Amino acid sequence: MNASKLQSELKKKAYLRGKSFRFARFEPSFPDDHTFCVFCWARISIWDEDLREGYFEPESQSWICDVCTEEFKQPFEWSIDRTNDSAWKRLMQHNAIDSTIL
Ligand SMILES: [Zn+2]
């Protein structure tokens, strides 16, 4: 991402700076319920073609996909609770397997 795009995101989404996110699986409140990543508009729902999980900020009720979380967590100074993060656990398992091969 170029610097001016990042600056514009930091300005537009100033309400998200320094916030805490936690990993969560999307739970619909009604049958067609869904949400979107506030940065890239990836759809998050229980449907097969969508993301099922993301990072959630409760004050602003914002969801962010894992790709955007990685991209923006440093400039936005997020703290991320990975307690229930199955994607993170899969990555750690993968790394553990890699290191036993080496
Ligand atoms: Zn995204």
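Only a predicted model underlies this, so the values are computations on that prediction, with no experimental measurement involved.

Cut-offs and rules
- Residues numbered from 1 in each chain as written.
- Predicted model: local features only at pLDDT ≥ 70, side-chain atom pairs only at ≥ 80, totals over all residues.
- Helix = DSSP H or I, 4+ residues; strand = E, 2+ residues; numbered from the N terminus.
- Contact = placed C-beta atoms within 7 Å.
- Pairing = 2+ DSSP bridges.
- Axes fitted to C-alpha atoms, helices over the stretch in contact; angles between N-to-C directions.

1. Let's talk about the environment of Ile-44
No. 1: Relative to the assigned elements, Ile-44 resides in strand β3 (residues 43-44).
No. 2: Once the C-alpha coordinates of Ile-44 and Ala-24 are considered, the two residues, 20 residues apart in sequence, prove to be 11 Å apart.
No. 3: Those residues in contact with Ile-44 that lie beyond four places of it in its chain are Phe-26, His-34, Thr-35, Phe-36, Cys-37, Asp-50, Leu-51, Gly-54 and Trp-63.

2. Observations concerning the sheet that holds strand β6 (residues 79-81)
No. 1: Across the sheet, which stays open at both edges, the 4 strands sit in the order β5-β4-β1-β6 with mixed pairing between neighbours. Single-partner strands in this sheet number two, and they are β5 (62-64) and β6. For this sheet the average axis-to-axis angle between neighbouring strands, irrespective of direction, equals 35°.

Geometry only, nothing functional implied.
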